[in-house]
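Analysis of the macromolecular model
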Amino acid sequence: MNSVRVDLSGQAAVITGSTSGIGAALAEGLAKNGAHIVLNGLGDASDIETLRARLAEQYGIKAFYHPANMLKPDEIEDLIAFAAHELGRLDILINNAGIQHVSPVDAFPADKWDAIIGINLTSAFHTIKHAAPVMKAQRYGRIINIASVHALRASPFKAAYVAAKHGVLGLTKTVALEVAENGITANCINPGYVKTPLVENQIADTARVRGISEEDVVRDVLLSAQPTRTFITYDQLIGALLYLVSSDGGNVNGHAITVDGGWTAR
Ligand code: NAD
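Residues numbered from 1 in each chain as written. Predicted model: local features only at pLDDT ≥ 70, side-chain atom pairs only at ≥ 80, totals over all residues. Heavy atoms only, no water.

1. Considerations on the site of the ligand
- Inspection of the region around the ligand gives 30 residues, with Ser20, Asn96, Tyr161, Val194 and Thr196 positioned closest.
- In this structure, an oxygen atom belonging to the ligand sits 2.8 Å away from a main-chain N or O atom of leucine 42.
- Tyrosine 161 is positioned such that a nitrogen or oxygen atom in its side chain is 2.6 Å from an oxygen atom of the ligand.
- Expressed as a share of its isolated accessible area of 820 Å², the protein-covered part of the ligand is 93%.
- Elements supplying a minimum of two residues to the shell around the ligand: helix 1 (21–32), helix 5 (159–179) and helix 6 (197–210).
- In terms of residue count, the dominant contributor to the shell around the ligand is helix 6 (three residues).
- Taken together, the residues that form the shell around the ligand break down as 16 nonpolar, 13 polar and one charged.
- Each of domain 1 (12–192 + 233–259) and domain 2 (194–231) accounts for three or more of the residues forming the shell around the ligand. (Near = heavy atom within 4 Å. Polar contact = N/O pair within 3.5 Å; in protein donor to acceptor, adjacent residues only side chain to side chain. Areas by Shrake-Rupley, 256 points an atom, 1.4 Å probe, with all protein chains shown as cover. Helix = DSSP H or I, 4+ residues; strand = E, 2+ residues; numbered from the N terminus. Nonpolar A, V, L, I, M, F, W, Y, C, P; charged D, E, K, R; others polar. Domains from an automatic or database assignment.)

2. Observations regarding the domain arrangement of the protein chain
- Entries for the protein chain in the domain assignment read domain 1 (12–192 + 233–259) and domain 2 (194–231).
- Computed over C-alpha atoms, the centres of domain 1 and domain 2 are 24 Å apart.
- Contact with domain 1, which involves 16 residues of that partner, is made by 12 residues of domain 2.
- Summed over both partners, the interface of domain 1 with domain 2 comes to about 1000 Å²; 65% of that surface belongs to carbon and sulfur atoms.
- Our count for the domain 1 to domain 2 interface comes out at zero salt bridges.
- Here domain 1 and domain 2 share one residue pair in polar contact (both at pLDDT 80 or more) between them.
- Contributing elements (two or more residues each) for the side of domain 1 that touches domain 2: helix 1 and helix 8 (234–245).
- Residue classes in the side of domain 1 that touches domain 2 are distributed as nine nonpolar, six polar and one charged. (Contact = heavy atoms within 4.5 Å. Buried area = accessible area lost by both parts, 1.4 Å probe. Salt bridge = Lys/Arg side-chain N within 4 Å of Asp/Glu carboxyl O.)

3. Regarding helix 7 (residues 214–222)
- Along helix 7, the residues that are buried comprise Val217, Val221 and Leu222. Viewed along the axis of helix 7, the buried residues span an arc of 70 degrees, placing them on a single side of the element.
- Next to the buried residues of helix 7 lie helix 6. (Buried < 20%, exposed > 50% of the residue type's maximum accessible area, 1.4 Å probe, protein only. Arc of directions from axis to C-beta.)

4. Notes on the environment of lysine 136
- Residue position: lysine 136 is located in helix 4 (residues 110–138).
- Along the backbone, lysine 136 and leucine 93 are 43 residues apart, and their C-alpha atoms lie at a distance of 13 Å.
- Look past the residues within four positions of lysine 136 in its chain and what remains in contact with it is Val179, Asn182 and Ile184.

Structure below.
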């Protein structure tokens with residue numbers, strides 16, 4: 001478990017895409033430090049309820065779940081209104097929901113392009129649009145967008161994902177400038193490769209597109225770009241998040257904390 005401690009008692013957080021992978025880990029990192037949370041994401045209803053109940057019980061916080069689909073602006077608006085109503089405030093917004101599709105650009109399905117841009121980029125616009133007035137009214141807020149090393153670097157066969165993540169960084173910087181005088185910051189965390197369900201699927205997809213084995217994808221494709229040749233851990237991302245939501249991180253604004261094992265040093 002992550003060793004950084006920050007007192008988030010009484011704070012309220014929304015984490016999109018927190019039924020799996022990085023989002024679930026970040027939600028747990030916030031809950032462990034005392035924040036009340038609203039989980040969101042797709043998945044099996046009983047698995048989600050088990051996660052929600054465990055976090056509430058284990059950390060003594062309020063934990064809710066809202067099923068907003070990140071492709072539906074009205075549902076996203078309802079997610080933010082639900083959080084502000086149930087928790088009475090909204091201190092931390094983490095835009096984490098994301099999907100991936102790997103394909104040469106000339107064969108890239110248009111519906112996959114639209115879904116990736118919608119979930120990975122446009123949903124963050126909608127959450128921020130509705131969260132900003134709540135945060136401005138309380139003169140405090142921390143917006144953290146889970147972008148990617150692909151906000152800074154490209155990889156072949158990931159046209160939509162790389163475009164969306166570059167867009168998330170641009171959105172983050174713009175929002176940071178707009179909210180800076182309201183006690184609100186907006187930043188990105190840019191992970192390199194983390195072994196989550198999304199990456200497990202990518203390993204299989206990339207193996208198919210390149211015609212090589214899954215073992216070769218991990219060694220020669222995924223981690224060849226990551227100089228440490230190890231996957232980024234959930235705890236390392238929680239550490240970056242806790243810095244950004246702590247008072248020590250209060251003047252980090254419009255920035256990206258890149259946790260990539262040295263990938264972007266190249
Ligand atoms: P994951 O597949 O484990 O989790 C994705 C989450 O998004 C799930 O909770 C899923 O239900 C949710 N989601 C997907 N479509 C949704 C929709 N339409 N509406 C609501 N929720 C939806 O993936 P992950 O690897 O944990 O990725 C989380 C984020 O981290 C993504 O934005 C991803 O791009 C980013 N990221 C991941 C890695 C990595 O190596 N895993 C690296 C860099 C960035």
